[in-house]
Amino acid sequence: MNLNAILTLVDELRERNAQTATALLGGAFCLSIERPTSDIPWLQLKSGVINFYYDDDAPPEDRLAAKSVELPPGFRCVELAPEKYATCEFEDVDAHTTRRLVRSLVLNYFDLPDDDSYSAEFIDLR
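Calculation rules
Residues numbered from 1 in each chain as written. Predicted model: local features only at pLDDT ≥ 70, side-chain atom pairs only at ≥ 80, totals over all residues. Heavy atoms only, no water. Core = buried A, V, L, I, M, F, W, Y, C linked by side-chain atoms within 4.5 Å. Buried < 20%, exposed > 50% of the residue type's maximum accessible area, 1.4 Å probe, protein only. Helix = DSSP H or I, 4+ residues; strand = E, 2+ residues; numbered from the N terminus. Contact = heavy atoms within 4.5 Å. Salt bridge = Lys/Arg side-chain N within 4 Å of Asp/Glu carboxyl O.

Visitor: Mind showing me how you'd approach the nonpolar core here?
Guide: Nonpolar side chains in soluble globular proteins tend to end up buried together. Membership of the largest hydrophobic core comes to 31 residues, with the highest contact counts inside it found for Leu43, Leu45, Ile50, Phe52, Leu105, Tyr109 and Phe110. Contributing elements (two or more residues each) for this core: α1 (3-18), β1 (29-34), β2 (42-46), β3 (49-53), β5 (85-89) and α3 (95-109). Apart from the residues lying within four places of it in its own chain, the contact partners of Ile50 are Leu43, Gln44, Leu45, Phe75, Ala86, Thr87, Cys88, Phe90, Leu101, Val102 and Leu105.

The structure is reproduced here in structure tokens:
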């Protein structure tokens, strides 16, 4: 699956979470994105929350901004396991802003190609 096809799933994720009542932060559904050819990198997206492979111990906000990742309003790290993952929250303004975050994270931070090497699936967290 290519990156553009995955980005269209952001709209569906937002719709699924809007239609499902839950106390879970970011909603009941998660969009998991990875490259089947490798365990790393990966990311998991919910409404207003992103969890991703993070290979540093510095605050992600600074590192991502330095790598030209388009951070949405209110982006802040809420959990960091150095050299393992970062979980960040952001204002879920609209699907376009979330798509820009995912696209720039993949292309600029992970430095991966925009090709057909990705897989994505919805996970029901209830």
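Still more to cover.
Visitor: How should I be thinking about the pattern of salt bridges in this particular structure?
Guide: Oppositely charged side chains may form a pair once their charged atoms are brought near each other. On inspection of all chains with the given rule, the structure shows 9 salt bridges. A salt bridge links Asp11 to Arg99, with the nearest nitrogen and oxygen atoms 2.8 Å apart. Placement of the pair is Asp11 in helix α1 and Arg99 in helix α3, with a sequence separation of 88 residues. The exposure class of Asp11 is partly exposed, given its relative accessible area of 38%. What makes Arg99 partly exposed here is its relative accessible area of 23%.

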